[in-house]
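# Report on the structure
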Protein chains: 2
Amino acid sequence: MPAYRYGLLIKHILEHVLVRAPDKEIVYRDKVRYTYKGFYERVCKLASVLEEIGVKKGSKIGILDWDTHNYLEAYYAIPMMGAIMHTINLRLPPELILYTIRHAGDDFLMVRDEFLPLIERVKDKLVGVKGFIVASESKQVPETPLEPVYNLEEMMDKASPSYEFPDLPEDTDATIFYTTGTTGMPKGVIFTHRQIVLHTFAIALSLSGFYPSPVTITSRDVLMPLVPFFHVHSWGLPYAATLGGCKMVLLGRYDPGLALEMIAKEGVTFSHMVPSILHMIVNHPRVHEYRDALSRWKVVIGGAALPRGLAEQAMRLGIKVMAGYGLSETCPVLTLSVLKDYMAEWPDEKKLDVLIKTGIPAPLVKLRVVDNQMRDVPRDGKHMGEIVVRAPWCTREYYNDPERTEELWAGGWMHTGDVAVWDEEGYIQITGRAKFVIKSGGEWIPPLILENLLSLHPAVSEVAVVGVPSDKWGERPIAIVATKPEYRGKVTEEELRKHLEKAVEEGKILKWWIPEKFIFVEQIPKTTVGKIDRLKLMEEYKKIKLP
Amino acid sequence: MPAYRYGLLIKHILEHVLVRAPDKEIVYRDKVRYTYKGFYERVCKLASVLEEIGVKKGSKIGILDWDTHNYLEAYYAIPMMGAIMHTINLRLPPELILYTIRHAGDDFLMVRDEFLPLIERVKDKLVGVKGFIVASESKQVPETPLEPVYNLEEMMDKASPSYEFPDLPEDTDATIFYTTGTTGMPKGVIFTHRQIVLHTFAIALSLSGFYPSPVTITSRDVLMPLVPFFHVHSWGLPYAATLGGCKMVLLGRYDPGLALEMIAKEGVTFSHMVPSILHMIVNHPRVHEYRDALSRWKVVIGGAALPRGLAEQAMRLGIKVMAGYGLSETCPVLTLSVLKDYMAEWPDEKKLDVLIKTGIPAPLVKLRVVDNQMRDVPRDGKHMGEIVVRAPWCTREYYNDPERTEELWAGGWMHTGDVAVWDEEGYIQITGRAKFVIKSGGEWIPPLILENLLSLHPAVSEVAVVGVPSDKWGERPIAIVATKPEYRGKVTEEELRKHLEKAVEEGKILKWWIPEKFIFVEQIPKTTVGKIDRLKLMEEYKKIKLP
C-alpha cells in the first residue's frame, strides 16, 4: 500500500501554528518575547542540543522548572524527537521527587538553576542520570558538583536551528507525570502522542464556542496558564493554544500580584487554575486596580470543586468562570460545564448553577456513574455512585505497577474514585472522593455540598468538611472553617449552624448532614497540589469526642 | 494490559449528541420531524432491520436516495454495525451507476421508490445483490420485479428500538463513494471510522470560530446541506452538525425555491454547496422576498472556485460566504479560507479577497505546492505547482485499482492534480486542474483567474476559459460566456476584452493571457456533479481556427 499512514503526532500541532499564526507571540515574564516562528527555531535548537548530549528515542528527560519558555520548548522538542518528557512535580517533598526520578528511570535532568541545590543534595542516588542540563536566565551555570553538566543557553546559541523530526508511530510515549494521590507512593501516568493530540482537539473544540459558554478560547485569546506546566501538561491548554495560534504569557513561578500585572499588561484573556489560585487572586489587596483587565478575563477552574461563593466573588469583579473536571490519569480533561443552547439566555444566577457543576462529558468521553456492581445509578441528580470513564486519552497504566493498573481499569472502565450524581441532562456533580465521602448511619453525606453552602456565608474564607469517628453513627461530619480576617473571632458556630439550617428549610440538604462541630482555624491545610488535605484533617480531628 | 483501547468510531459522535442535545430537531421537508433521541431510536431500528435481512460486518449497502431522514439514519446505522455504506452518485448515467454497484460489490441496495425503474432496468446484471430495501414516503412499495424486496418503513415499525453497536477496530471501512473524475471509469474511495471521526473534529474546529471567519457553525446553528448526501458524506457536515447538536434540515431533492422557503421557515443559518447551487439560489426570481432570512445565512462554497462576482452578489443579499477546498479522495476537506486574526478588522472588500481563496490548510493537513520534481515552489503567490497533501483522512486507495492508487500516492504524497500558487501566509489559490491549465508559448495561463475577473463584469452570468490548440503557441485560451438574460445580445467581445485589458493595466493579469475569442452561449455545460465540463468545452471548440 503506497498511501502515507498519517499518525497523530505532537509535531502536527506545531506545524499548524507555523502556517496559521507564525507571528503571534510567546512571552515569558519581562524576560523573553518571541514569535511562534522564533519558538519553532528554538524547539529545533533544543532538539539539536539534546541529540548532541545523547538523548535518543525512548530516553526520559526529567524537568525541574517553573512555567518558562524553556519548559514550553521542551513540551515540543522532547516528544517530537521520540523521547519522553517527565514533568517533575515541584511541590513534592525532595525524597518523593527523588523517588519519581528513579522510578521513571530518567536518563537526563533539565533543571532550572535555582533547583540545583535540591538535586545536589541527592546526587549520589541519581545513579541512572547521564547528564544535567541547566537552564539559567543569567546564561551562567553556578558551580556544582553534578556531572556532566550542560549549560542549556550556551549550547542553544551554537545549536543548529533546523532539525528533522521523525514520523513516529502515534502510540509512542510522549510524557510521564507522577500523580501524588492521597495515599501511597506517587504513581506514574504516561501519555502518548495520539492521546495528547486527541485531547488537544477535544478541549479546543469544547472551549471554542462550538458549545455555548461564557468561557471560550479562540485564536484571538491570550492564554496565561495558572496550572503549572509540570501538572498533566498544564491540563493540555498550552497545546490547545498552540493549535489556535493564541498569544501565550508564561509567568514562571506563580505570584498573584504578578499575575494581575501580566493580565493587564499583556492583555491576558484566558487562564485555568485550581480554586485556591483564583481565591488568592480575587482576594489580592490590589485586585480592584485591575477591574478593567479582569472584565475581559475568562477562567476555567478544575482540580477541585468551584465553590459558589468564590465564583460569585469572581463574577462581581467581571471575571467569567466555568468549572471543569479530570484526573492526572485522564490527560486530564473529562468534563467541562459548558451550557446547553437553551441555557444561554438564562439569567446569570441560574447559569451559574450549571457553570459551577462538575460538567458534561467532552466529545469522545464516555462517562458513567455506577454503583459497586457497575450498574448505572439513576440519572436523577440524587443517587450517588462512582464515576467510571472511557476516553481516547485515559492513561493505559500506572508505570511499572501492574497491580494498581488492574485496580484502575477493573472491568474495562477507568475508575476515578470520585463519587457523584448525574442528572437527566448529562451533567455530573461530584459529591466527594470515594474515600472522603462521609458514611453516617449507613448513609452518605457529601462534604462538597456542605462546603459549597458554607462558602456562601460572608464570614467564610475557606472551609473543609470531613468525617470523624462516631460511636453512634460510624462517622459524623465536622466543619473546619477559615474565616476572613475582618470576621475573625466575630462569627460563631451557632451562626454557621443556622446558615445551614436555612438550607435544610430550602430543601437543599438534609438536617442530619449538618456538621456536629464547626472548628475555626486560620488556614486550611493543603496538599502539594493545592487541594484541601483531607487526610491530614481527618487525622488531626479523629480524636474529637462525638456522641 | 487491562486498559480499554478506545477507537475513533462513528458511534462516539452519535453518543455525544445524545448527552449534549437529545431534544434538538432533525427535519425532512414537511414530512418528518423528530429529535436526536428519536433519531437514535430509528438508527437502532434500521440496524435491527438490516441485521434481520442478513447484513453483516463488511457487507456493502448501496444507497440511491436524495437527502432524506432515511439516508441520515443510514449514515450512522450502516457503519456502526461494521457494514460499509456505498453512497451511490445519482448524477451518473445509469450504466455508470450499474458499474459502481458491481465494482463495489454491493450486497444490498437501499432505494427510494422513485429510483426503482432505474434499478429494474438493469436488474439482470445485479447478480451479487442479495436484496432491495425500498424507502417510500407512502410506506407502500410499488409493484416491482426485483426480489427479494423489503419495505423499509414497514420493517422499521416492527423492529427493535435497541441495538448494541459493536466496538469495531477504528480502521474498519465505513463508506465508499465513486468519484467521477473527468476521464476514465469512476474510482472508488473508501473512508474508515477513524478517518471520518478525525475529519469531523477538524472541520468542526475549523468552522467553530476557533479561527476567525464570518462563516461559522456552532450548536446554535441550523444546518441545511446543499451538497448531496451521496457526495463524500455531504462534505462531512452532517457528522460535524451531529457532534455539535445542531438542528438539521433535509431538503430531499434540491429545489432552489424550496431551499429559500426552508431557510426562512426552519431558521436555517448554515449551508454548504458548489457555486452553481448558490448561483441558482441568488438568481431565483423570488430571492428578494427572503432577504431577512438570508441575512442570517452563512455558506461554505467548495467543489469549484467561488467567483468573486457571485460572492459579491450573495453578500449584497446579506449572505456570508467563504470558500473551501477538497477532493473526493480526501473525505473531502483540505482547506478553508478562514481568516487570520489581524484580518478580522479589515473592510469587507479586502476580507473577501481572502474568503474567496482556495484557503489555508485545516489542522492536521500537511499541504505542499510542488514542481514536477516534488520540490516546493516559492511561496510568493506567483509560482505555480501541483498541490500534494497528507492528512489523516486521505483515502488509502482507489478500490481494486492498484495502478491508479500508485499514481495517486506517488512518492508518499497524495497528488490532487490541482495546480495552484501559495503565498507567504500559507493561503492557496488554485489556478487550474493540471490537465486544464493552459500552456501557451511554454508558459501557463491560469483559467480560474481569468474566469474570476470576467465574472465581475455585469453582463456575465457564468464563464469558462479553456485552452484550444494553436499552431503558433501550442495552446491559446478562449472564453465561453453565458450572459445574464437582460444582457443577451447586448454585450460584445470587444467589451469583455476591454474589461480584461483594464485588469492588465492594474497588474492583475498578463496581456497575453487575454482569451483569443469570447464565445457567447446560453448555458455552460456541466458535469454530473455540477462542475464546468471543461473536457466537453475543449472537445467542442478544439477546431476553432486560431493563429
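Conventions we followed
- Every chain is numbered independently, its residues counted from 1 as its sequence is written.
- Following the order in which they are written, the chains are lettered starting with A and the ligands numbered starting with 1.
- With pLDDT at 70 or above as the cut-off, local features in this predicted model cover only qualifying residues; side-chain atom pairs require 80 or more to be listed or tallied, and sums for whole chains, interfaces and linings still use all residues.
- Secondary structure elements are taken from DSSP: a helix is a run of H or I of four residues or more, a strand is a run of E of two residues or more, and numbering for both begins at the N terminus.
- Each radius of gyration reported is based on C-alpha atoms, and the globular scaling rule is 2.2 Å times the count of residues to the power 0.38.
- Burial is judged by counting the other C-beta atoms within 10 Å of a residue's own C-beta: 20 or more makes it buried, 12 or fewer makes it exposed, and any count in between marks it as partly exposed, with every C-beta position built from the backbone.
- Contact between two residues is assigned when their C-beta atoms, built from the backbone, lie within 7 Å.
- Note on pairing: two strands pair once DSSP finds at least 2 bridges between them.
- Classification convention: Asp, Glu, Lys, Arg as charged; Ala, Val, Leu, Ile, Met, Phe, Trp, Tyr, Cys, Pro as nonpolar; all other residues, Gly among them, as polar.
- As used throughout, a nonpolar core is a set of buried Ala, Val, Leu, Ile, Met, Phe, Trp, Tyr and Cys residues joined through C-beta atoms within 7 Å of each other.
- For the least-squares superposition of copies, only C-alpha atoms count, and only for residues with pLDDT at least 70 in both.
- One less than the number of residues in a helix, times 1.5 Å, gives the span that helix is expected to have.
- One axis fitted to the seven residues ending at a residue, another fitted to the seven starting there: the angle between these axes is the bend at that residue.
- Domain limits in this description derive from either an automatic procedure or a database domain assignment.
- Only the contacting stretch of a helix is used when fitting its axis, a line to C-alpha atoms as for every element, and angles between N-to-C directions run 0 to 180 degrees.
- Less than a right angle of anticlockwise turn of the near helix away from the far helix marks a crossing as left-handed, whereas a clockwise turn marks it as right-handed.
- pLDDT measures the predictor's confidence residue by residue and takes values from 0 up to 100.

## Considering the overall build of chain A
Counting its regular elements, chain A contains 17 helices and 25 strands. Its C-alpha atoms give chain A a radius of gyration of 24 Å, near enough to 24 Å, the size a compact globule of 547 residues would have. For chain A, the spread of C-alpha atoms along the three principal axes comes to 70 × 55 × 50 Å. When burial is assessed residue by residue, chain A has 53% of its 547 residues classed as buried. Residue pairs in contact within chain A that sit at least 24 positions apart in sequence constitute 67% of those at least 6 positions apart.

## A short note on the pairing of strand β24 (residues 474-483) of chain A
Residues and elements named next belong to chain A. Counted residue by residue, β24 has 7 buried out of 10 residues, so it is predominantly covered. Looking at chain direction, strand β23 (residues 460-470) and β24 are connected through 10 bridges and run antiparallel. Bridge pairing links Val 465 to Ala 479 in β24. Two successive antiparallel strands, β23 and β24, enclose a turn made up of 3 residues. For β24 and strand β25 (residues 517-521), the ladder comprises 5 bridges, and the chain directions are parallel.

## So, the interface of chain A and chain B
Much of the literature gives interface size as the accessible area that the parts lose upon coming together. Taken residue by residue, the interface counts 44 residues in chain A and 44 residues in chain B. Listing elements by their share of the side of chain A that touches chain B, those giving two or more residues are α1 (10-20), α7 (193-207), α8 (237-244), β16 (360-361) and α14 (402-408) of chain A. With 5 residues, α1 of chain A is the single largest residue contributor to the side of chain A that touches chain B. Of the residues assigned to the side of chain A that touches chain B, the class counts are 24 nonpolar, 10 polar and 10 charged.

## A word on the nonpolar core
Within the largest apolar cluster, 359 residues are counted, with the highest numbers of intra-cluster contacts made by Ala 77, Val 321 and Val 389 of chain A together with Ala 77, Val 321 and Val 389 of chain B. For Ala 77 of chain B, the contacting residues outside a window of four places in its chain are Val 43, Leu 46, Ala 47 and Leu 50 of chain B.

## With respect to the relation of the copies chain A and chain B
Rotating chain A by 180° and translating it 0.0 Å along the rotation axis places it on chain B, where the RMSD comes to 0.1 Å. Such a combination of rotation and displacement between the chain copies is what one expects of a two-fold axis. Closest to the rotation axis within chain A is the C-alpha of Leu 205 of chain A, separated from it by 2.7 Å. Looking at the interface residues of chain A, 100% of them are also at the interface in chain B, so both copies use one shared face.

## A look at helix α3 (residues 69-81) of chain B
Residue and element names in this part refer to chain B. Its 13 residues give α3 an end-to-end C-alpha distance of 18 Å, which sits within 8% of 18 Å, the value for a rise of 1.5 Å per residue. The sharpest bend along α3 measures roughly 25° and falls at Tyr 75, with the proline Pro 79 sitting one to four residues further on. Counting buried positions over the 13 residues of α3 gives 13, a clear majority of the element. Of the residues trailing α3, Gly 82 is marked for its positive phi of about 100°.

## Structural notes on the domain arrangement of chain A
Residues and elements named next belong to chain A. We note that the domain assignment places domain 1 (22-187), domain 2 (194-222 + 245-433) and domain 3 (439-541) within chain A. Using C-alpha coordinates to define each centre, domain 1 is positioned 42 Å away from domain 3. Listed by partner, the interface residues are 5 residues for domain 1 and 4 residues for domain 3. Classifying every residue of the side of domain 1 that touches domain 3 by side-chain character gives 1 nonpolar, 3 polar and 1 charged.

## Let's talk about the packing of α1 of chain A against α8 of chain A
Residue and element names in this part refer to chain A. The contact between α1 and α8 brings their axes to 7 Å, and the two run at 35°. Packed against α1, whose contacting residues are Ile 13, Leu 14, His 16 and Val 17, the element α8 presents Tyr 239, Thr 242 and Leu 243 at the interface. Here the residues of the contact of α1 with α8 sort into 5 nonpolar, 2 polar and no charged.

## So, the sheet that holds strand β9 (residues 187-192) of chain A
All names here are of chain A. Strand order across the open sheet formed by 7 strands is β7-β6-β5-β3-β4-β8-β9, with mixed pairing between neighbours. Each of the sheet's edge strands pairs with one partner strand only, and the pair in question is β7 (149-151) and β9. Here the strands of the sheet are splayed against their neighbours by 25° on average, with no regard to which way each runs. Where strand β3 (residues 60-64) lies against strand β4 (residues 84-87), 4 bridges are found, and the strand directions are parallel. Within β4, the residue paired with Ile 61 across the bridge is Met 85. Of the strands in this sheet, β8 (173-179) and β9 are in contact with α7, which crosses β9 at around 75°.

## Quick word on unusual backbone geometry
Most peptide bonds take the trans form, and the phi angle of most residues other than glycine is negative. Of note, the bond from Glu 147 of chain A into Pro 148 of chain A is cis; its omega dihedral lies within 30 degrees of zero at -10°. Here Pro 148 of chain A is to be found in the loop between β6 (131-135) and β7. Positive phi outside glycine occurs at Leu 364 of chain B, with the angle close to 75°. Along the chain, the position of Leu 364 of chain B falls in the loop between β16 (360-361) and β17 (366-370). The exposure class assigned to Leu 364 of chain B is buried, which follows from the 24 C-beta atoms found within 10 Å.

## Some thoughts on the packing of helix α1 (residues 10-20) of chain B against helix α2 (residues 36-53) of chain B
All names here are of chain B. With their axes 9 Å apart at the nearest point, α1 and α2 run at an angle of 145° to one another. Note that α1 runs across α2; the crossing there is left-handed. Contacts between α1 and α2 involve Leu 14, Val 17 and Leu 18 from the first element and Tyr 36, Lys 37, Tyr 40 and Val 43 from the second.

## Overview of the sheet that holds strand β20 (residues 428-433) of chain A
Residues and elements named next belong to chain A. Overall, antiparallel pairing links the 4 strands, which are arranged β17-β18-β19-β20 in an open sheet. Every other strand in the sheet has two partners, leaving β17 (366-370) and β20 as the edge strands with one partner each. Strand-to-strand twist across the sheet, computed as the mean angle between neighbouring axes with direction ignored, equals 45°. Inspection of the sheet shows strand β18 (residues 385-390) paired to strand β19 (residues 414-422) by 4 bridges, in the antiparallel sense.

## Considerations on the environment of Gly 58 of chain B
Residues and elements named next belong to chain B. Its location among the elements puts Gly 58 in the loop between α2 and β3 (60-64). The class of Gly 58 is exposed, set by 12 C-beta atoms lying within 10 Å. Separated by 116 residues in the primary sequence, Gly 58 and Ala 174 place their C-alpha atoms 8.9 Å from one another. Not counting residues within four places of it along the chain, the set of residues in contact with Gly 58 comprises Gly 82, Ala 83 and Ile 84.

## Some details on helix α2 (residues 36-53) of chain A
Residue and element names in this part refer to chain A. Here α2 is 18 residues long and its end C-alpha atoms lie 26 Å apart, about the 26 Å a rise of 1.5 Å per residue gives. Looking at α2, one finds that the buried residues are Tyr 36, Phe 39, Tyr 40, Arg 42, Val 43, Cys 44, Lys 45, Leu 46, Ala 47, Val 49 and Leu 50. The inward-facing, buried residues of α2 contact α1, β1 (25-28), β2 (32-35), α3 (69-81) and α6 (152-158). Once α2 finishes, Gly 54 follows within two positions and takes phi at roughly 115°, a positive value.

## Notes on the environment of Phe 132 of chain B
Residue and element names in this part refer to chain B. Tracing the backbone shows Phe 132 in strand β6 (residues 131-135). A C-alpha to C-alpha distance of 9.9 Å links Phe 132 and Ile 53, two positions 79 residues apart in sequence. In this structure, Phe 132 is in contact with Leu 109, Val 111, Leu 146, Val 149 and Tyr 150, ignoring residues within four places of it in sequence.

## Observations concerning the confidence of the model for chain A
Mean pLDDT over chain A stands at 93; residues scoring 70 or higher make up 98%. Across the whole predicted complex the pTM is 0.88, and at the interface the ipTM reaches 0.88.

## A word on the environment of Glu 424 of chain B
Looking at the secondary structure, you find Glu 424 of chain B in the loop between β19 (414-422) and β20 (428-433). Taking the C-alpha atoms as reference, Glu 424 of chain B lies 6.1 Å from Asp 380 of chain B; in sequence the two are 44 residues apart.

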